[in-house]
Amino acid sequence: MACMPSHCPECGFVNTESANYCQKCGTFIGVREDAEEVSTTTYQVGETGEIAAIDIDAEVERTGAALVIRSGGGRAGESFPMEEERIAIGRIPDAEVFLDDVTVSRNHALLVTRNDGTYIDDLGSLNGTYVNRSRIESQRLEDGDEIQVGKYKLGFLEK
């Protein structure tokens, strides 16, 4: 059975078959009953540029948490284990999570492990940092949270 496009209940925009949120206004459309389960292979890019598939569950178990790019920049599936207490996210090449796009500030956000969990802090970015579609200054992350930095959407996974 083929999937049918989803019409947004708020703005009427016709979204793609697999959309859970309206691509125009961001309204939650809901998980489609007829939508197939989509999974993305996770990978890491090594220091020499080689791509290696990884078991994200094993990485999260080993490090306690990880970020996975869900969409943006053709990098869906790229993962970043939380191996340090502080992880920079930005357009500057030295950032641990380097997102090369003009929608991302050079020093956009920072993931910080504190006593009570992992936090994401916006570093005064022009376009803001969003967690579950809400703009934040600083927020404690929970397993499954969606982070948006510029055009990139990342998933936060935690054991």
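Before reading on, note that the structure itself is shown above.
None of these values were measured; they are calculated from a predicted model. (Residues numbered from 1 in each chain as written. Predicted model: local features only at pLDDT ≥ 70, side-chain atom pairs only at ≥ 80, totals over all residues. Heavy atoms only, no water.)

Some remarks on the pairing of strand β5 (residues 65-71)
Where burial is concerned, most of β5 is hidden: 5 out of the 7 residues are buried. Summarising the sheet, β5 and strand β15 (residues 152-158) pair through 6 bridges and their orientation is antiparallel. Each bridged residue has a counterpart across the sheet, and for Leu67 the counterpart in β15 is Phe156. Bridging between β5 and strand β6 (residues 79-81) involves 3 bridges; their strand directions are antiparallel. By the bridge assignment, Val68 is partnered in β6 with Ser79. (Buried < 20%, exposed > 50% of the residue type's maximum accessible area, 1.4 Å probe, protein only. Helix = DSSP H or I, 4+ residues; strand = E, 2+ residues; numbered from the N terminus. Pairing = 2+ DSSP bridges.)

Points about the nonpolar core
Grouped together as the largest cluster of nonpolar side chains are 21 residues, with contacts concentrated most on Leu67, Ile89, Ile120 and Ile147. Counting only elements with at least two residues in this core, the list comes to β5, β7 (86-90), β9 (109-114), β14 (146-149) and β15. Apart from residues lying up to four places away in sequence, Leu67 is in contact with Glu78, Ser79, Phe80, Ile89, Val97, Leu111, Ile147, Leu154, Gly155 and Phe156. Within the second largest apolar cluster, 5 residues are counted, among which are Ile56, Val60, Val68 and Leu157. (Core = buried A, V, L, I, M, F, W, Y, C linked by side-chain atoms within 4.5 Å. Contact = heavy atoms within 4.5 Å.)

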